[in-house]
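Here is how the chains run, residue by residue.
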Amino acid sequence: MKNLFEAARVEEVKERITRLRPDSEGVWGKMNPAQALAHCTAAFDLAMGKPPVSSRVLLGRLIGPLVKKSLLVKGEPMRRNATTQKTCLVIDERDFAVERQRLRESIDRFVAGGPAKCTKHPHFFFGPLTPVEWAALMYQHLDHHLRQFRV
């Protein structure tokens, strides 16, 4: 299970983020690269407990355990157009350079904080996660959006 508590994974995603360009074309989805970076930063905020996650969605209660096993145990890539927490939706225009720096800083905060930095609040779709599961989910989420733009 690849996760962001592994230094090699952190370096991998940072290098891929460096290759992302403001005009990179998405293979799926509606976000442009700057919006995707801001969205990923918002996801890190949730993983670190800011703001606290709202209640779990019904679909997550029904199939969350199966999807969690597929992503976090088997390491299967996140599927296109996966369910998104409403507080992480980004539809306004963003400055690419600013958002890339904000994401790098969020990754660094998450990694430096280690397991203690992870929220105890349940994930809106998967429910309770251990710190290593949060780190694996954050890796999977970054990988998902970097693949979205072919990096």
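Remember, it's a predicted structure, so these values are computed and weren't measured experimentally. (Residues numbered from 1 in each chain as written. Predicted model: local features only at pLDDT ≥ 70, side-chain atom pairs only at ≥ 80, totals over all residues. Heavy atoms only, no water.)

**A few points about helix H3 (residues 58-73)**
Next up, step 1: For H3, with 16 residues, the first-to-last C-alpha span of 22 Å sits near the 22 Å given by 1.5 Å per residue.
Next up, step 2: Among all positions in H3, only Gly60, Gly64, Lys68, Ser70, Leu71 and Leu72 are buried.
Next up, step 3: Considering only its buried residues, H3 is in contact with helix H5 (131-148).
Next up, step 4: Note on H3: the residue one or two positions beyond its end, Gly75, has a positive phi of about 75°. (Helix = DSSP H or I, 4+ residues; strand = E, 2+ residues; numbered from the N terminus. Expected span 1.5 Å × (residues − 1). Buried < 20%, exposed > 50% of the residue type's maximum accessible area, 1.4 Å probe, protein only. Contact = heavy atoms within 4.5 Å.)

**Considerations on the nonpolar core**
Next up, step 1: Counting 36 residues, the largest nonpolar core has Leu4, Phe44, Phe110, Leu137 and Met138 as its most contacted members.
Next up, step 2: When residues of this core are traced back to their parent elements, those giving at least two are helix H1 (7-19), helix H2 (33-47), H3, helix H4 (96-113) and H5.
Next up, step 3: Here this core takes eight residues from H5, the largest share from any one element.
Next up, step 4: Apart from the residues within four sequence positions on either side, Leu4 is in contact with Arg9, Val10, Val13, Phe44, Phe110, Val111, Ala135, Met138, Tyr139 and Leu142. (Core = buried A, V, L, I, M, F, W, Y, C linked by side-chain atoms within 4.5 Å.)

**Topic: the packing of H2 against H5**
Next up, step 1: Two numbers describe how H2 lies on H5: the axes approach to 10 Å, and their chain directions differ by 175°. The angle between H2 and H5 places the two elements in the roughly antiparallel class. When H2 is examined against H5, the residues Ala36, His39, Cys40, Ala43, Phe44 and Ala47 are found in contact with a partner set consisting of Trp134, Met138, His141, Leu142 and His145.
Next up, step 2: When the residues that make up the contact of H2 with H5 are grouped by side-chain class, the tally is eight nonpolar, three polar and no charged. (Axes fitted to C-alpha atoms, helices over the stretch in contact; angles between N-to-C directions. Parallel < 35°, antiparallel > 145°, perpendicular 65-115°, else oblique. Nonpolar A, V, L, I, M, F, W, Y, C, P; charged D, E, K, R; others polar.)

**Notes on the pattern of salt bridges**
Next up, step 1: Within this structure, the stated rule accounts for eleven salt bridges.
Next up, step 2: Here Arg9 makes a salt bridge to Glu12, at a shortest N to O gap of 2.8 Å. Of this pair, Arg9 and Glu12 both sit in helix H1, three residues apart, which is roughly one turn of that helix.
Next up, step 3: Between Arg94 and Asp92 there is a salt bridge, with its nearest N and O atoms 3.1 Å apart.
Next up, step 4: Salt bridges linked by common partners bring Glu6, Arg9, Glu12, Arg16, Asp143 and Arg147 together as one network. (Salt bridge = Lys/Arg side-chain N within 4 Å of Asp/Glu carboxyl O.)

**A short note on H1**
Next up, step 1: Over its 13 residues, H1 runs 19 Å from end to end, which matches the ideal 18 Å to within 8%, given 1.5 Å per residue.
Next up, step 2: For H1, every residue scored as buried is listed here: Val10, Val13, Arg16 and Ile17. Along the axis of H1, the buried positions cluster into a sector of 135°, meaning they face one direction only. Residues of H1 that are exposed and point more than 90 degrees away from the buried face comprise Ala7, Ala8 and Glu11.
Next up, step 3: On its buried face, H1 sits against H2, H4 and H5. (Arc of directions from axis to C-beta.)

**Quick look at the packing of H1 against H5**
Next up, step 1: At a minimum axis distance of 11 Å, the contact between H1 and H5 shows a crossing angle of 25°. By the angle between their axes, H1 is roughly parallel relative to H5. The handedness of the crossing between H1 and H5 is left-handed. For the pair H1 and H5, contact is made by Arg9, Glu12, Val13, Arg16 and Ile17 and by Tyr139, Leu142, Asp143, Leu146 and Arg147, respectively. (Left-handed = near helix turned anticlockwise from the far one by under 90°.)

Nothing here speaks to function; it is all geometry.
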